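# Commentary on secondary and tertiary structure
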Amino acid sequence: MCGIVGLFIKNPALQPELGRLTSLMLKTMTERGPDSAGFAVYGSPASGQRKMTVRGISADNIGDFEAGFLKAAGGSANVVKHQDHVVLTYASDLEPAIRAFVNGFGHGVHFAASGESIELYKGVGLPEEVAARFDLEKMQGTHAIGHTRMATESAVTIAGAHPFSTGPDQCLVHNGSLSNHNTLRRRLINEGLTFETENDSEVAAGYLSWRLSQGDKLDQALESSLKELDGFYTFVVGTREGFAVLRDPVACKPAVMAETDDYVAFASEYRAFADLPGIENARVFEPEPQRVYHWEHAA
Amino acid sequence: MSCARNTRIFDLGASTLRELNSTLQQEGAEGAWEIHNPAGRHSLAVGLTQPVSVTIDGHAGYYAAGMNQRANVVVNGNAGQGVAENMMSGSVHVKGNAGSSAGATAHGGLLVIDGDAGARCGISMKGVDIVVRGSVGHMSAFMAQSGNLVVCGDAGEALGDSLYETNIFVRGAVKSLGADCEEKEMTPEDIQNLTKLLSKGGVIDIKADEFRRYGSARKLYHFRVDNASAY
């Protein structure tokens, strides 16, 4: 099962509504995935700055973590707390140092995502509760991607929740299952990638990150994943400027899209669109199998 | 939208889906109904057995008008996957696009889709007539057994794969034919039959002689080891 939603805003006047609309869409997909939920929100990047989302923060470790981070990042750094997640802001050239600090901190703290505009949150529980926990309703931005999980192959944990982020400003949500993920994971590890979980979807995210790091554009990376990934999948992928959708050749996992002058929306079921503005007159269609659908904001 | 006199309105903003379906399924439900605020809910107007006319005023989710008998259901919008699945009689008319598996396993009645249909349109159809004004997705009429599938636009890959019987008429391009599906001659009888189907589907601007007909080559009816690679 699982539910996927995505919203790519075309009309900037709608950007303040991004979080509220994404939250409504996620809530509607509860029946497809009541175990856990996650979402990535892309805001406006600030020049020369990077952001990193980190999870696993608690009252016990926040003090040491914050002090350690500020020491590593120096003057212009900032920490914004959202329950057990924090968003760190720091100068771009400090990225490797901050990543090393987070990875080495321990005490249940995990890297979630980093880049110029991505923030990524996930948690166990009903999608509505997870969205409320992080105040998704109030978030603004250019595009967002979300996932509601019904765990079938592995435990209900935060690590197993989507989205997965394996590259700067990149994230992926997946409905389906991949059959060649172990082989592909070994290949990607040989290419220098690292993986946090045994999850098949993380391998798909890693594969795309690898292609992008080799110079592919997002649509090219997705075209080549059609040849390399075996299994069932509907993917929705986010990058700093872009938003893409891909279904496997059989297209057995549901997908529906809606497009107006103001936005492009994706969901597993039409119901998730019911509260979107102007949906009555939107072009609503089922994306074709093995066709890359791709939108980008001007950089 | 305007409603005819005696049309009863059911507002899904105020009542539940279960109330809607049990109301429409009851004896005495005969007449015209309009469903407001469908909001893409699943299983709208399913299991109807009374001769009711139902207009769903908006988009429908999965399985709209499934298992229909005798009722005439109109969707004033798009329908999700499995619209009119397992229909026995009556009619279902989708004014927008339909998702995958439209008319799946339907035994009878008429399904009309004004827009496009997704993958597997008419999968395992068993006697229904389906008229699609637009195009159909891949594997349409997969394992179809009886009835007619009319496609005024194009058909996706593997049309009519593992077909038993069923007439498939396509006006546009067919991306590829599935196993055991082949092009057939269009006889005067086929033209006559198709003309009737187009008229039933409200398609008045397209002539039957613009279509090609596809059907079963009847080579895979029984398992033969020589054909193992084709199954």
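Quick caveat, the model's predicted, so the values are computed rather than measured.

### Section: the pairing of strand β9 (residues 171-178) of chain A
Residues and elements named next belong to chain A.
- For β9, a buried count of 6 out of 8 residues is recorded, marking the element as mostly surrounded by other parts of the structure.
- Examined bridge by bridge, β9 and strand β10 (residues 231-238) share 8 bridges and lie antiparallel to one another. Bridging from a neighbouring strand, L172 pairs with V237 of β10.

### Structural notes on the confidence of the model for chain B
- Averaged over all residues, the pLDDT of chain B equals 94, while 97% of them reach at least 70.
- Two numbers describe this predicted complex: its pTM, 0.88, and its ipTM, 0.78.

### Some points on unusual backbone geometry
- Here the residue pair H162(A) and P163(A) is connected by a cis peptide bond, since its omega of 0° sits within 30 degrees of zero.
- In this fold, P163(A) is placed in the loop between β8 (143-149) and β9.
- The phi torsion at A39(B) lies on the positive side, around 50°, for a residue other than glycine.
- Within the secondary structure layout, A39(B) lies in the loop between β2 (31-36) and β3 (52-56).
- With relative accessibility at 32%, the residue A39(B) sits in the partly exposed group.
- A positive phi angle is found at R218(B), which is not glycine, with a value near 60°.
- Within the element layout of this structure, R218(B) appears in the segment after β11 (212-216).

### Things to note about the nonpolar core
- Counting residues in hydrophobic clusters, the biggest one holds 48 residues, and the most contacted among them are V54(B), V92(B) and L149(B).
- With residues up to four places along the chain from it excluded, the contact list for L149(B) reads C121(B), M125(B), I130(B), V132(B), S140(B), A141(B), T166(B), N167(B), I168(B) and F169(B).
- Ranked by size, the runner-up nonpolar core spans 32 residues in total, among them I9(A), V87(A), V130(A) and Y263(A).

### With respect to the packing of helix α2 (residues 62-73) of chain A against helix α3 (residues 95-105) of chain A
Residues and elements named next belong to chain A.
- Relative orientation of the contacting elements α2 and α3 amounts to 155°, with a least axis distance of 10 Å. By the angle class used here, α2 and α3 are roughly antiparallel. For α2 against α3, the interelement crossing comes out right-handed. Residue-level contacts link D64, F65, G68, F69, A72 and A73 of α2 to I98, F101, V102 and F105 of α3.
- Here the residues of the contact of α2 with α3 sort into 8 nonpolar, 1 polar and 1 charged.

### A few points about the environment of D116(B)
Residue and element names in this part refer to chain B.
- Relative to the helices and strands, D116 is located in the loop between β6 (110-113) and β7 (126-132).
- Looking at D116, the relative accessible area reads 38%, which means it is partly exposed.
- Distance in space between the C-alpha atoms of D116 and G178 is 20 Å, their sequence separation being 62 residues.
- Ignoring anything within four residues of it in the chain, the contact list for D116 reads N97, A98, G134 and S135.
- Within the local environment of D116, its side chain forms a polar contact with the backbone nitrogen of S135, the two atoms lying 2.8 Å apart.

### Things to note about the interface of chain B and chain A
- On the side of chain A, 18 residues touch chain B, which itself brings 16 residues to the contact.
- Between chain B and chain A the total buried area reaches about 1,100 Å² when both faces are included, carbon and sulfur atoms providing 49% of it.
- Considering only the surface of chain B that becomes buried against chain A, H59(B), Y62(B) and H138(B) emerge as the three largest contributors, covering 36% of it.
- Where chain B meets chain A, there are 0 salt bridges.
- Taken together, the links from chain B to chain A amount to 8 residue pairs in polar contact (both at pLDDT 80 or more).
- Classifying every residue of the side of chain B that touches chain A by side-chain character gives 3 nonpolar, 10 polar and 3 charged.

What counts and how
Residues numbered from 1 in each chain as written. Chains lettered and ligands numbered in written order. Predicted model: local features only at pLDDT ≥ 70, side-chain atom pairs only at ≥ 80, totals over all residues. Heavy atoms only, no water. Buried < 20%, exposed > 50% of the residue type's maximum accessible area, 1.4 Å probe, protein only. Helix = DSSP H or I, 4+ residues; strand = E, 2+ residues; numbered from the N terminus. Pairing = 2+ DSSP bridges. pLDDT = per-residue confidence, 0-100. Core = buried A, V, L, I, M, F, W, Y, C linked by side-chain atoms within 4.5 Å. Contact = heavy atoms within 4.5 Å. Axes fitted to C-alpha atoms, helices over the stretch in contact; angles between N-to-C directions. Parallel < 35°, antiparallel > 145°, perpendicular 65-115°, else oblique. Left-handed = near helix turned anticlockwise from the far one by under 90°. Nonpolar A, V, L, I, M, F, W, Y, C, P; charged D, E, K, R; others polar. Polar contact = N/O pair within 3.5 Å; in protein donor to acceptor, adjacent residues only side chain to side chain. Buried area = accessible area lost by both parts, 1.4 Å probe. Salt bridge = Lys/Arg side-chain N within 4 Å of Asp/Glu carboxyl O.

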